[in-house]
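# Report on the structure
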Amino acid sequence: MSVGPFVRGAAKAARRHPAGRGGGGRRRAAVVLLLALAYAAGLLLFVFGGGASADGGGHTGVTVASFRRRGGPARSPSPPGSVYRSHIVFERLWPDIRDDAAPGSTATSASVSTPSSWRRSMLTTPRYPNSGELWIPCVKRRLIPSELPPSNGYLIVEANGGLNQQRLSICDAVAVASLLNATLVIPVFHLNSVWRDPSKFSDIFDEDRFVETLRQHVRVVKELPKHVLLRFNHNISSIPNMRTKAYSSPDHYVQKVLPKLLELGVVRIAPFSNRLAQSVPSNIQALRCLVNYQALRFAEPIRVLAEDMVVRMMKKSSSTGGKYVSVHLRFEEDMVAFSCCTYDGGQKEKIEMENARERSWRGKFHRPGRVINPEANRRDGKCPLTPLEVGMMLRGMGFDNTTFLYVASGKIYNAAKYMAPLRQMFPLLETKDTLALPEELAEFKGYSSRLAALDYTVCVQSEVFVTTQGGNFPHFLMGHRRYLLGGNAKTIKPDKRKLVLSFDDPNIRWSRFKRQMQDILHHSDIKGVAFRKPNDSIYTFPMPDCMCQQDGR
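Described below are features of the structure shown in this document. (Residues numbered from 1 in each chain as written. Predicted model: local features only at pLDDT ≥ 70, side-chain atom pairs only at ≥ 80, totals over all residues. Heavy atoms only, no water.)

### Considering the overall build of the protein
Heads up, the rule is: Strands here mean DSSP runs of E at least two residues long; helices mean DSSP runs of H or I at least four residues long; both are numbered from the N terminus. Note on classification: 1.4 Å probe, protein chains only; a residue is buried when its accessible area is under 20% of the maximum for its type, exposed when over 50%, partly exposed between these limits. Contacts are assigned to residue pairs with any non-hydrogen atoms lying within 4.5 Å of each other. For the area figures, the Shrake-Rupley method with a 1.4 Å probe applies, and any residue is considered shielded solely by the protein chains shown.
Secondary structure summary: the protein contains 24 helices and 12 strands in total. Within the protein, the proportion of its 553 residues that are buried is 48%. Counting contacts in the protein only where the partners sit at least 6 residues apart, residues at least 24 apart contribute 80% of the total. Only carbon and sulfur atoms are counted for the fraction: they give 53% of the accessible area of the protein, which is about 27,100 Å².

Right, dumping it as structure tokens:
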């Protein structure tokens with residue numbers, strides 16, 4: 001950009017006010033000339049020096065040249081934590097992470113000769129001791145068996161979602177059947193567009209145990225009697241569907257659903273997920289506990305293989321007393337697509353995610369008024385953690401390369417790319433595909449709920465459980481571990497709003513990163529001992545509804 005016209009203009013102004021016309025004219029000419037020179041100098045500094053720093057780092061959002069190229073002002077920098085930069089941070093920190101390994105350990109096989117390298121203080125010592133209190137399951141003590149009155153009719157529910165959403169629906173269905181004094185028909189499972197699992201109840205759960213465990217509390221039948229079906233032309237869809245709002249109170253069922261049940265002898269509720277309030281009378285709450293922790297046992301094929309996998313995992317980690325860490329990793333394609341978050345896959349990833357959203361949710365994300373803001377989602381901690389981020393977080397928390405890690409997940413999106421750095425950081429990593437033989441898994445392939453049941457069982461037995469994203473799987477698992485481990489189960493539930501800030505700084509030092517991860521660990525939900533509040537789920541917080549305190553033991 002030429003600055004000559006500005007200087008020449010100032011010279012002309014000076015000639016229009018010659019010196020002979022008095023001191024005032026000369027002063028005005030001098031002022032005009034100085035202003036022109038100052039303007040020209042400032043413009044040159046801006047163009048060639050990059051302008052003033054917007055963030056204190058010597059960078060600006062836009063220069064005159066870039067303004068011309070783009071035809072307008074550049075976008076202002078995104079707030080910290082808005083953009084996925086974790087892969088850049090990892091590349092910078094990897095030498096330090098690699099060197100921060102267990103002393104003398106190569107971690108090239110499952111045979112680790114130095115059990116002292118295991119972070120015993122984190123894995124074997126409760127951070128928050130129980131102060132001498134022991135909590136034990138006591139469901140049966142709170143449920144007094146009695147002769148059931150004549151049934152008011154049949155209740156049919158359709159459980160939807162994945163494994164643990166179905167589990168929730170089953171528990172609540174038993175509770176509602178008790179409220180209505182109805183005979184529960186074994187729930188049918190909705191073929192979900194995301195999970196795509198056609199499994200029936202008996203494919204996942206032990207049907208006979210379910211019926212027998214509840215025998216003294218709620219009547220359960222495996223199918224609707226033929227004489228009832230005949231009244232509806234053998235078509236269950238013809239049975240009136242009592243659509244019910246989420247978290248409906250017990251009074252709603254007694255006042256709205258019961259009269260229809262008494263009139264027709266059968267009612268149907270579909271879909272049936274989260275259809276009963278969290279707070280219900282204590283006897284109904286205890287019934288939920290009985291269903292979840294005793295009546296619902298996995299079907300024998302699942303149970304046998306899952307128990308074998310636990311034994312194998314404990315044998316592999318025998319150098320650390322059979323203790324291992326389990327991670328629930330939610331980075332499947334549908335999860336990434338539903339989150340509307342963006343990572344480092346560029347245009348290819350954008351197209352794949354758009355196709356996945358349309359395939360599973362058909363226009364839901366393009367409805368009028370819907371705004372998708374990936375950057376805000378990431379800042380708010382709503383984006384699924386990548387395997388790389390999980391690995392960096394755990395290494396920063398102090399779990400070294402001798403840690404035995406079990407990863408529970410579905411099919412990871414772009415696994416070849418995203419799982420590689422996690423395996424770099426944790427070479428002793430196992431999944432159901434490595435613990436079980438191909439022929440053992442063959443009968444479960446294509447059935448997401450049955451595969452999730454295998455993961456669930458291995459995670460329940462782990463010393464530490466790490467949850468990386470919300471959902472029914474981690475919520476049920478945290479509650480089940482508390483129930484089995486005397487109320488004290490170690491869980492790492494990171495604050496992702498804080499995590500994204502650490503992953504956003506490419507210049508962060510490993511020592512500082514570790515301090516931040518250990519601070520997140522300190523404030524996470526690792527204490528396990530937690531009591532249910534009025535609006536909390538009993539499936540996550542079984543104390544005190546499902547457990548009793550034993551003093552002095």
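Structure shown, so let's carry the discussion forward.
### With respect to the pattern of salt bridges
Put simply, the rule reads: Should a side-chain nitrogen of Lys or Arg be within 4 Å of a carboxyl oxygen of Asp or Glu, the pair is scored as a salt bridge.
Counting across every chain of the model gives 23 salt bridges. With its nearest N and O atoms 2.7 Å apart, the salt bridge here joins Arg297 to Asp206. Here Asp206 lies in the loop between helix H8 (201–204) and helix H9 (207–213) and Arg297 lies in the loop between helix H12 (282–295) and helix H13 (300–316), a separation of 91 residues in the sequence. The shortest N-O distance in the salt bridge between Arg359 and Glu333 comes to 2.8 Å. With Arg359 in helix H15 (residues 346–361) and Glu333 in helix H14 (residues 333–339), the pair connects residues that are 26 residues apart, well separated along the chain.

### Considering the state of the cysteines
Test applied: Cysteine sulfur atoms are paired as a disulfide whenever they come within 2.5 Å of each other.
A complete count under the given rule lists 3 disulfides for this structure. Between Cys138 and Cys548 runs a disulfide, and the two sulfur atoms are separated by 1.9 Å. With the S-S bond torsion at 85 degrees, the cross-link from Cys138 to Cys548 turns out right-handed. Of the two residues, Cys138 is situated in the loop between strand E1 (134–137) and helix H6 (139–142) and Cys548 in strand E12 (residues 547–550); the sequence distance between them amounts to 410 residues. With relative accessibility at 5%, the residue Cys138 sits in the buried group. Judged by its relative accessible area of 11%, Cys548 is buried. Across a sulfur-sulfur distance of 1.8 Å, Cys289 and Cys546 are joined as a disulfide pair. The chirality of the disulfide connecting Cys289 with Cys546 is left-handed, given an S-S dihedral of about -65 degrees. A residue pair is termed long-range when its members are at least 10 positions apart, and Cys289 in helix H12 and Cys546 in the loop between helix H24 (510–523) and E12 qualify at 257 residues. Judged by relative accessible area, which is 1%, Cys289 ranks as buried.

### Some details on the sheet that holds strand E7 (residues 325–328)
Cut-off, in case you're wondering: Think of it this way: DSSP has to see at least two bridges between two strands before they count as a pair. The convention used is that axes are lines fitted to C-alpha atoms, helices contributing only their stretch in contact, and that angles between N-to-C directions extend from 0 to 180 degrees.
Judged by pairing direction, the sheet is parallel, and its 5 strands sit side by side in the order E9-E8-E7-E10-E11 without closing on themselves. The open sheet has two edge strands, strand E9 (429–430) and strand E11 (490–492), and neither has a second partner. Pairing between E7 and strand E10 (residues 464–467): 4 bridges, direction parallel. Within the sheet, the bridge partner assigned to Ser326 lies in E10 and is Phe465. Most of the contacts of helix H21 (residues 448–460) go to strand E8 (residues 405–408), to which it runs at about 145 degrees, and overall it touches E7, E8 and E10.

### Some points on the pairing of E7
Both faces of E7 are covered, namely the face carrying Val325 and Val327 and the face carrying Ser326 and His328. With 4 bridges joining them, E7 and E8 adopt parallel strand pairing. Counted as the bridge partner of Val327 is Val407 from E8.

### Looking at the side chain of Thr386
In plain terms, the rule: Polar contact is the term for a pair of N or O atoms within 3.5 Å; when the atoms are in protein, one must be able to donate a hydrogen and the other to accept it, and sequence-neighboring residues count only if both atoms are side-chain atoms.
By secondary structure assignment, the location of Thr386 is in the loop between helix H16 (374–379) and helix H17 (387–397). Within polar-contact distance, the side chain of Thr386 engages the side chain of Tyr84 at 3.3 Å. If we skip the residues at most four places from it in the chain, Thr386 touches Tyr84, Phe331, Tyr343 and Tyr418.

### Some remarks on the nonpolar core
Let me state the cut-off plainly: By convention a nonpolar core is built from buried Ala, Val, Leu, Ile, Met, Phe, Trp, Tyr and Cys residues, the set being connected through side-chain atoms within 4.5 Å.
Among the nonpolar cores identified, the biggest contains 81 residues, and Leu155, Phe205, Phe210, Leu214, Tyr406 and Leu454 are the most heavily contacted of them. Here this core takes 10 residues from helix H7 (residues 163–180), the largest share from any one element. If sequence neighbours within four positions are ignored, Leu214 has contacts with Val174, Val220, Leu287, Leu290, Val291 and Ala295. Val89, Cys341, Tyr343 and Leu499 belong to the second-largest nonpolar core, a separate cluster that totals 49 residues.

### A short note on the pairing of strand E6 (residues 266–269)
Residues Val266 and Arg268 line one face of E6 and the alternating positions Val267 and Ile269 line the opposite face, and both faces are buried. Bridge count for strand E2 (residues 154–159) against E6 is 4 bridges, and the pairing is parallel. In the sheet register, Ile156 faces E6, and the bridge partner there is Arg268.

### Details of H13
In plain terms, the rule: Expected helix span is computed as 1.5 Å times (number of residues minus one). Throughout, the arc means the angular range of directions from the helix axis out to the C-beta atoms.
With 17 residues, H13 ought to run about 24 Å at 1.5 Å a step, and its terminal C-alpha atoms sit 24 Å apart, in line with that. Regarding H13, the residues found buried are Ile302, Leu305, Ala306, Met309, Val310 and Met313. Down the axis of H13, the buried side of the element spans an arc of 145 degrees, and every buried residue falls inside it. Projecting away from the buried face of H13 at angles above 90 degrees are the exposed residues Glu300, Val311 and Lys315. Contacts from the buried residues of H13 go to H8, E8, E9, helix H19 (432–435), helix H20 (438–441) and H21.

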